[in-house]
Amino acid sequence: MAYDPQELESRWQKAWSDEGVFQAEIDESKPKFYCLEMFPYPSGHMHMGHVRNYSIGDAMARFHRLMGKNVLYPMGYDSFGMPAENAAKKAGGHPNEVTHSNISSIRSDQERMGYSYDWRRFLATSDVEYYRWNQEMFLTLNEKGLVERRMAPVNWCVDCDTVLANEQVKNNRCWRCGLEVVQRDMAQWFVRMTEYSDELLDELDNITFPENVKAMQRNWIGRSHGAHIDFAIDGSDSLIGVFTTRPDTIFGATFVTLSPEHPLCEELCLGTEWEQGWRDLREECARMSEFERINMLKEKKGVFLGRNAINPINDEKIPIYAGNFVVSSYGTGAVMAVPGHDQRDFDFAKRYNLEIRQVLLEKEDSAPSQELTHAFEGYGQMVNSSVQGFDGLSGDNAKDAVISALEEKKSGHGTVEYRLKDWLLSRQRFWGTPIPMIHCDSCGVVPVPREDLPVELPLDVVFTEEQSGNPLESHDSFVLTKCPSCGKDAKRETDTMDTFYDSSWYFMRFCDANNETSPFDREAVDYWMGDGVDLYIGGIEHAVMHLLYARFFTKFTRDSGMNEVGEPFGRLVCQGMLNAPAPYCVDCNTEYHVDNFDLDCPSCGKKLSTRSAKMSKSLGNTVSPEEMVSRFGADTVRLFILFGANPEAGMDWSDSALEANHRQMFSLIDAVDAALELSDSPSDIDDWLMARMRANQKKWVEAMSEVSLREGVMISHFEMLSDWNWYLRRGGRDRVTAMRFLQEWIPMIAPATPHIAEEFWKKIGHEEIIAKFVMPILDANPSDVRVLALENYIKEILSSGRNLRTLAERHSEAEITKVVIQISPEWKRDLASEAISLHQRGFDFKEKGQSHVKSLEAFKDESTRGEVFQAWNSITIGGKKTRGRIHTWLEGERELISARVNEVEVIKDNSDFIATSLGVDTVEVFIAGEAEDVGGKARISFPLEPGIAFV
RNA sequence: GCAGGGGUACCCGAGUGGUCAAAGGGGCUGGGUUUAGGUCCCAGUGCGUAGUGCUUCGCAGGUUCAAAUCCUGCCCCCUGCACCA
């Protein structure tokens, strides 16, 4: 068959679309499977990372359809966001046009790959049909008290001209453009996600996310249990509230440290000799870039504020410092310093000559050390407590005792702190969902009434490059409105929503994408989202942000009665990186652009080597999917991607491997072509082929169900082809068998390479397309084990025969013309089957094996007694390093031995094949002892391991 | 520093007590069939050897009759978080 992937693939893509096979509807009679990929931001074209993501998802969607599931597999676009706005500014257009042209281009790339999406459910978050529901649900959030507008110091990116959420700041830099972030005080909209902190954290234990994702989320939420303690200030009514996770160390507190930004600092030192020192420290901290601050913080620095605090547990007076290592945004911005048991405090105390007191024992029953050389940060028994009743307590008991003592004194309580902050939702940008709020001079902030939704983004905005800020602000027909409450002139909110809001519920919208009266119908969501999305595939970069927001949102909609589930995603798969070679300097540990291949290192001048690095534009080591598809076809690219590595593993791009996979496509075609040309000529090997097929099908279903796509593809596209080739090599020529084999095999080819599978399916005479087919799973025949074991026996003989032949050649002067095979003598087979049946009954060979063998018939002949004894041992117990054969024989081998398969006959039946394969003219076979012992091989023979000699 | 994941033959990559000198693929080597060039098929690819042996799965120890696999320590790589109290 001539293979023209371009023609063939587009023909089948059209057939799928014409038949509407991928359109999913609720069907309670079938188990559902919701397969979802993280929807893309529509930049110009699909890149290889997308190809990997969707090829995994599509294979899984197609697999589950084959298994008879009702599969929901949608695609849409996360199309709000800054790149479109920036592109519009550059080109003088409107982000809406840019976005739609990008969507149609990436969509056609996806269609060319043959992904089996239900395109009726297409959505773009920047379309008003979608974002109006963002606004609707925002109102619901607001009604539930989960929306808050407050002044807040925010992370501001000057370049992007917008505020950033904490999650969007990496190393004090904007996650998008990399510019350093500055702090600004602004009125901002927040979603009170922290209401759900506990559930978001605790539920992680019950969901099947990869461990690293769970760890990142736990880390991000950052719950710590501890105590809030109020330190009174000597000569003042103010209190210093501190948060500590280690109330058990309270007796070791020898000073208190405030962050330099702490409001109490000024109050404490104002007008004293200490004031200037504090001001300098605060200035220094505020002025410094993040980079400098991290470097400087290795050196702990602080100033005395001139006053003392009173430790509430023992009324001890301790000095108050301001320290550069205390962070104002965590806890209360104040720390009780315990230099004996906190390394930072230890370093600080050393520097400023403050008292270091040991109040916990590092080892049980040891004496307190005289001079500490480091802080002991672990848990231990309390010592040196200046109040009775604490010494000897440790760990949680110690903490609890201190907390209750503090509670009694009304100067502290047990508490929980979170690192998670509320979700800063507002963005000062145009291309996002307008926040449906109105500012009225008399009524304040008023929500837009539901019946007035949607608040649409105006399309008549002109974008220019000089423009800065949000063009909505100067768009009068958008801004000027009436107050819904008092009817007077008012102004619309011009902030738009963070785009993570859009992606926080799109998976529910997909369940009911064309609903015109609500975000989604509860019945649809409860059906498709039962136990969450069954398979969610995407990049690890969304581990904290998107995946946490989406989890929060689902819990909020659940609590608003919109859906049943509280966790949106069942199985989450984070695909690995796609790498390609890049020039690399070992000394500088730096990768360079591909233009530098074979050149010297630009910075140190050494010769560059290569190493594999994440595909990226900046290194230029990307591969264009379009080019690969036009050269090899979508099926080859998909095969390469899936076979190259399991979904979660990283994978290296390789042109030669891609070409090898292309050749594999031709091999598959040749196999099917050959099968179609056979005539009716049944033979013994037919049973073997079918037995292999059944065994492979079982393994394949298991692998695919576990999303072990690499293993699945290995079986369907490689092992089954090898089986087929072996079948032909063994003289298999039966048309009926071949057709039955193809009937089962071709569906297994379909998930990874669906187009060629359709072509094959049609060739073997099916009128219906394979995309509609539900694959029956065959049970193994009772005889399969034996059939497979017999063929394996032949393969083993060939394998050891080949090894021995090369050795024999060295020892033989003459040309080798014959192989002599000596089958194990009767008495060894008796021993073997005796041992097998004893083994099945749980016989203890170590304990009773020796006496048993002595009772056997074979043992009676004194001349062979020693040999019998040896054979028995190697069957049952084995040597020092090898176990007895009883343990190593496979199930099928045991069956062959127990059933006394006539090995002589098996060899004779296959002697032509063996002769050809071993390159000899004749095969002579007999039971050892019944003819001349050629080469002394009789001794070696065992059941299923004949002695082999070449002459 | 903390957390998560890793280190397997020339390369990529399976493999979590014995059936393991270790799947599969790539590459390389040899043989066959063709040579209409998408070749295709077969074999080999740690050392040794007329077969059961030796060495190897980051390094060093240990448990076991038996370790790539379990335990301890160490080294290195990746990812995330980070004076988080």
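Here the structure is shown first, and the text comes after it.
Residues numbered from 1 in each chain as written. Chains lettered and ligands numbered in written order. Predicted model: local features only at pLDDT ≥ 70, side-chain atom pairs only at ≥ 80, totals over all residues. Heavy atoms only, no water.

Q: How should the overall build of chain A be read in this particular structure?
A: Along chain A, the regular secondary structure elements total 32 helices and 30 strands. Against the 2.2 N^0.38 benchmark of 30 Å for 951 residues, chain A shows a C-alpha radius of gyration of 37 Å, more extended than a compact globule. Its C-alpha atoms put chain A at 115 × 80 × 65 Å along the principal axes. When the 951 residues of chain A are sorted by exposure, 54% land in the buried category. Partitioning the intrachain contacts of chain A with sequence separation of at least 6 by distance along the chain shows that 74% fall at a separation of at least 24. Total accessible area computed for chain A in this model is approximately 42,000 Å², and 48% of it derives from carbon and sulfur atoms. Each charge class in chain A can be summarised by its mean position, and for the 103 positive and 150 negative side chains these summaries are 3 Å apart. (Helix = DSSP H or I, 4+ residues; strand = E, 2+ residues; numbered from the N terminus. Rg over C-alpha atoms; globule rule 2.2 N^0.38 Å. Buried < 20%, exposed > 50% of the residue type's maximum accessible area, 1.4 Å probe, protein only. Contact = heavy atoms within 4.5 Å. Areas by Shrake-Rupley, 256 points an atom, 1.4 Å probe, with all protein chains shown as cover. Lys, Arg positive; Asp, Glu negative; His and termini not counted. Charge placed at Lys NZ, Arg CZ, Asp CG, Glu CD.)

Q: What is the right way to look at the packing of aromatic side chains in this model?
A: Within a pair of aromatic rings, the relevant descriptors are the distance that separates the centres and the angle that separates the planes. Evaluated as defined, the whole model comprises 45 aromatic pairs. Ring plane angle 85 degrees and centroid distance 6.4 Å describe the contact between Trp423 and Phe552, whose orientation is recorded as edge-to-face. Placement of the pair is Trp423 in strand β15 (residues 423-424) and Phe552 in helix α17 (residues 545-559), with a sequence separation of 129 residues. Exposure remark for Phe552: the relative accessible area of 0% places this residue in the buried category. On the basis of an interplanar angle of 55 degrees and a centroid distance of 4.8 Å, the ring pair of Trp761 and Phe773 is categorised as tilted. Taken as a pair, Trp761 in helix α24 (residues 754-763) and Phe773 in the loop between α24 and α25 (784-811) lie far apart in primary sequence, 12 residues in all. When sorted by exposure, Trp761 lands in the same class as Phe773, which is buried. By the ring-pair criterion, three or more aromatic residues cluster together here, those being Tyr196, Trp423, Phe500, Tyr501, Tyr549, Phe552, Phe553 and Phe556. Note that Arg150 overlies the ring of Phe190, its terminal NZ or CZ placed 4.0 Å from the centroid. (Phe/Tyr/Trp six-rings, centres within 6.5 Å; stacked < 30°, edge-to-face > 60°. Lys NZ or Arg CZ within 6 Å of the ring centre and 35° of its normal.)

Q: What am I meant to see in the packing of helix α19 (residues 634-644) against helix α22 (residues 709-729) here?
A: Each packed pair of helices is defined by two parameters, the angle between the axes and the distance between the axes. Put simply, α19 and α22 touch, their axes get as near as 7 Å, and they point 125 degrees apart. With respect to their mutual orientation, α19 and α22 come out oblique. Together, Leu639, Leu642, Phe643 and Gly644 of α19 and Leu709, Arg710, Val713, Met714, His717 and Phe718 of α22 make up the contact between the two elements. A class-by-class count of the residues in the contact of α19 with α22 yields 7 nonpolar, 2 polar and 1 charged. (Axes fitted to C-alpha atoms, helices over the stretch in contact; angles between N-to-C directions. Parallel < 35°, antiparallel > 145°, perpendicular 65-115°, else oblique. Nonpolar A, V, L, I, M, F, W, Y, C, P; charged D, E, K, R; others polar.)

Q: Honestly, the sheet that holds strand β18 (residues 444-447) in this entry has me stumped. Any pointers?
A: Strand pairing within a sheet occurs via backbone hydrogen bonds; the two strands may be parallel or antiparallel. In space, the 4 strands of this open sheet follow the order β18-β17-β20-β19, with antiparallel pairing throughout. Taken across any chain shown, the strands that pair with only one partner, and hence form the sheet edges, are β18 and β19 (480-482). With strand direction ignored, the average angle separating the axes of adjacent strands in the sheet is 40 degrees. Sheet topology note: the β19/strand β20 (residues 489-492) ladder contains 3 bridges and is antiparallel. Bridge pairing in β20 links Leu480 to Lys491. (Pairing = 2+ DSSP bridges.)

Q: Got a minute to help me understand the sheet that holds strand β7 (residues 182-191) in this structure?
A: The sheet built from 4 strands is open, its strands ordered β4-β3-β7-β15 with antiparallel pairing. Looking at which strands have only one partner, the edges of the open sheet turn out to be β4 (162-164) and β15. Across 3 bridges, strand β3 (residues 147-157) lies against β4 in antiparallel orientation. When the bridges of β4 are listed, Asn155 appears paired with Leu164.

Q: Looking at this structure, how should I read the pairing of β20?
A: Within a regular strand, side chains alternate between the sheet's two faces. Across 3 bridges, the pairing between strand β17 (residues 437-440) and β20 is antiparallel. Bridging across to β20, His439 finds its partner in Lys491. Remark: 6 residues form the turn of the hairpin made by β19 and β20, two consecutive strands paired antiparallel; Gly487 in that turn has positive phi of roughly 85 degrees.

Q: How do you make sense of unusual backbone geometry when you look at a structure like this?
A: For residues that are not glycine, phi is negative in most cases, and the peptide bond is trans in most cases. A cis amide bond, omega 0 degrees, links Leu453 with the succeeding residue Pro454. Note that Pro454 resides in the loop between β18 and α13 (476-479). The phi angle at Asn353 is positive, at roughly 60 degrees, despite the residue not being glycine. Positive phi values are uncommon outside glycine, yet Val707 reaches one of about 60 degrees.

Q: Would you take a moment to explain the pattern of salt bridges for this structure?
A: Once their charged atoms are close, side chains differing in charge can pair, the charge on each being opposite to the other. Within this structure, the stated rule accounts for 53 salt bridges. Of the charged contacts in the structure, one is a salt bridge between Arg120 and Glu25, with a shortest N-O distance of 2.9 Å. Placement of the pair is Arg120 in the loop between α4 (95-113) and α5 (128-143) and Glu25 in the loop between α1 (5-19) and β1 (32-37), with a sequence separation of 95 residues. For Glu25, a relative accessible area of 47% corresponds to the partly exposed category. Connected through shared salt-bridge partners, Glu199, Arg551, Lys555, Arg558, Asp559 and Glu567 make up one network. (Salt bridge = Lys/Arg side-chain N within 4 Å of Asp/Glu carboxyl O.)

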